[in-house]
Amino acid sequence: MATFVDRVVLHLQAGDGGHGCVSIHREKFKPFGGPDGGNGGHGGSVSLVVDPQVTTLLDFHFHPHVKADNGKGGAGSNRDGANGRNLVLKVPNGTVVQTTDGTVLADMVGSGTTFEVARGGRGGRGNASLANAKRKAPGFAELGEPGDQLDIVLELKSVADVGLVGFPSAGKSSLISVISAAKPKIADYPFTTLVPNLGVVRMDNHTFTVADVPGLIPGAATGKGLGLEFLRHIERCAVLVHVIDSATLEPGRDPVADIDAIEAELSQYGGLTDRPRLVAVNKVDVPDGRDLAEIVRPDLEERGYRVFEVSAATREGLKELTYAMAELVDAERKAAPPAEPTRIVIRPMAVDDDGFTITAETDGSFTVRGVRPERWVKQTNFDNDEAVGYLADRLARLGVEDKLARAGAKPGDLVRIGEREFDWQPTLHAGVEFVPGNRGTDIRLEEKSNRASAAERLAARKARRVRSADEVGADTSDDDDFDDDFDDDIDDDTE
């Protein structure tokens, strides 16, 4: 059974962040020592790294579900939870990471190349980190943020300089076995090679890699045979070599017709028309094969091909063919643009960018999209009124309330943020000062509360302390009447 796998679907789950802790410090003679709940740990991330020792995706084929560790929850006495362990997956050189719909996320070429494909969730803050001058003892903590969860497709495209293409049993495996140290399976029946083979060739000061692609047949680009499965392995090849069987006994087969059929499949697959070609007419050690090679050689040279008559059995012509490969590979390497170091691109947020958008839906609802609002909603415990009030205050400070009003939202309209839906009530939060109450509660969220606001209470106190001018005048007139009566009484007594 073949043990080569070059395409797998991975189901990834990064670790969730740990929840923050709600705790109040208590000790002898200090029953209320303030909040001391620790933060939750961050969830582990999932990363891919290129390892030269890995040549296949077989391990992921048997274990397609990958999950990183979750972060631990915080604890009292300001103890933070432990972070989840990051998970590093080793992949072969030339692995292409893409989504299930075909969007390429990363092309991993080069030993040590690393790509973080799933990010762990942030840990929630404990009530000690949420305390401030007005909310001195929060009765809530943030929940841990969920880690990324996605499906990705890993495709292996062999990184080789030269690709050997041809019909089944043309002698590609035999050829690569004698010019390199590769030991592929060789037999006298079609489709012996079920997996691509890579070999390293060293000629004097030249070193390059050769890939033996499983046999192609007409219709390979549409899924016939094994061609569609392995055509991707020649995408990175700088040189293509047609290996032609000059001693085939199949009717209707000849070197020119074989090349035309293979070129038609390469053209239909696409992206390979600019690669230089060589032609290796194999099996010239057979008398009929040598005669046929001499007959078709002029026709192939007229098409612009460099033709080499070779024999993998007797090694005839292999030296000239190998030097020709090395010459073309060196030319391609010199023509390639020099590798540039990775540039760090910084994209600052625009001055007028709020970091979120509001979309009015056709059903009359409104959808708020943004990294921060959606993360805050995920970290809010909606069973705790104080946590809900804290979320409302954060959204109001960010400008969500004002932007909803400008977008035409009215009290009672449905507002979506992430996976949550709310009935918008701006009068509960926007412009209303936070009033501390019992831990875990928020007086602004009480539906039947008759408690006056801070501004109303301040106005009432001023009204009690300061009399109006009319009241002062009325009191003064009463005092004057009393003084007049008192004077009349004194006069009567004197008489």
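Preceding this paragraph is the structure being described.
Residues numbered from 1 in each chain as written. Predicted model: local features only at pLDDT ≥ 70, side-chain atom pairs only at ≥ 80, totals over all residues. Heavy atoms only, no water.

1. Structural notes on the overall build of the protein chain
Across its full length, the protein chain carries twelve helices and 18 strands. Among the 495 residues that make up the protein chain, the fraction classed as buried is 43%. Contacts spanning at least 24 positions in sequence make up 70% of the contacts within the protein chain whose residues lie at least 6 apart. By element, 49% of the accessible surface of the protein chain is carried by carbon and sulfur atoms, the whole surface being about 27600 Å². (Helix = DSSP H or I, 4+ residues; strand = E, 2+ residues; numbered from the N terminus. Buried < 20%, exposed > 50% of the residue type's maximum accessible area, 1.4 Å probe, protein only. Contact = heavy atoms within 4.5 Å. Areas by Shrake-Rupley, 256 points an atom, 1.4 Å probe, with all protein chains shown as cover.)

2. With respect to the packing of helix α8 (residues 371-378) against helix α9 (residues 385-398)
As a packed pair, α8 and α9 sit with axes 11 Å apart at the nearest point and diverge in direction by 175 degrees. Here α8 lies roughly antiparallel to α9, going by the angle between them. Along its contact with α8, which presents Arg 372, Pro 373, Trp 376 and Val 377, the element α9 presents Leu 391, Arg 394, Leu 395 and Leu 398. Residues belonging to the contact of α8 with α9 are distributed by class as follows: six nonpolar, no polar and two charged. (Axes fitted to C-alpha atoms, helices over the stretch in contact; angles between N-to-C directions. Parallel < 35°, antiparallel > 145°, perpendicular 65-115°, else oblique. Nonpolar A, V, L, I, M, F, W, Y, C, P; charged D, E, K, R; others polar.)

3. Considerations on the packing of aromatic side chains
In the structure shown here, the tally under the stated rule is two aromatic pairs. Consider the rings of Phe 140 and Tyr 390, whose centres lie 5.2 Å apart with planes at 45 degrees: the pair is tilted. Remark: Tyr 390 occurs in helix α9 and Phe 140 occurs in the loop between α2 (127-130) and β8 (149-156); sequence separation between them is 250 residues. The pair Phe 140 / Tyr 390 is uniform in exposure class, with both members buried. Here the aromatic rings of Phe 382 and Phe 422 are separated by 5.8 Å at their centres, their planes lie at 40 degrees, and the arrangement is tilted. (Phe/Tyr/Trp six-rings, centres within 6.5 Å; stacked < 30°, edge-to-face > 60°.)

4. Concerning the side chain of Ser 311
Tracing the backbone through its elements, the reader meets Ser 311 in the loop between β14 (306-309) and α7 (318-335). Judged by relative accessible area, Ser 311 falls into the buried class, the value being 0%. In this structure the side chain of Ser 311 is engaged in a polar contact, spanning 2.9 Å, whose partner is the side chain of Asp 285. In this structure, Ser 311 is in contact with Asn 282, Lys 283, Val 284, Asp 285, Glu 316 and Leu 318, ignoring residues within four places of it in sequence. (Polar contact = N/O pair within 3.5 Å; in protein donor to acceptor, adjacent residues only side chain to side chain.)

5. Considerations on the sheet that holds strand β13 (residues 277-282)
Strand order in the open sheet formed by six strands is β10-β11-β9-β12-β13-β14, with mixed pairing between adjacent strands. With partners counted over all chains shown, the strands left at the sheet margins are β10 (197-203) and β14, one partner each. Strand-to-strand twist in this sheet, taken as the mean axis angle between neighbours without regard to direction, amounts to 25 degrees. Where strand β9 (residues 162-165) and strand β11 (residues 206-212) come together, three bridges link them in parallel fashion. Within the sheet, the bridge partner assigned to Val 162 lies in β11 and is Val 210. Against the sheet, helix α5 (residues 255-269) touches β9, β12 (239-245) and β13, its axis set at about 140 degrees to β12. (Pairing = 2+ DSSP bridges.)

6. Remarks on the nonpolar core
Counting 25 residues, the largest nonpolar core has Val 162, Leu 164 and Val 241 as the members making the most contacts within it. Listing elements by their share of this core, those giving two or more residues are β9, α3 (172-179), β10, β11, β12, β13 and α7. Ranked by the residues each element gives to this core, the list is headed by α7, at seven residues. When neighbours within four sequence positions are excluded, Leu 164 is seen to be in contact with Lys 172, Leu 175, Ile 176, Val 210, Ala 211, Asp 212, Val 213, Val 241, Val 243 and Met 325. (Core = buried A, V, L, I, M, F, W, Y, C linked by side-chain atoms within 4.5 Å.)

7. A closer look at α7
Here α7 spans 26 Å end to end across 18 residues, near enough to the 26 Å set by a 1.5 Å rise per residue. Those residues of α7 that sit buried are Leu 318, Leu 321, Thr 322, Ala 324, Met 325, Ala 326, Leu 328 and Val 329. (Expected span 1.5 Å × (residues − 1).)

8. Regarding unusual backbone geometry
Although it is not a glycine, Ser 77 adopts a positive phi angle of roughly 60 degrees. One can find Ser 77 in the loop between β3 (65-67) and β4 (87-91). Even without glycine at this site, Arg 315 takes up a positive phi of about 65 degrees. Owing to a relative accessible area of 54%, Arg 315 belongs among the exposed residues under this scheme.

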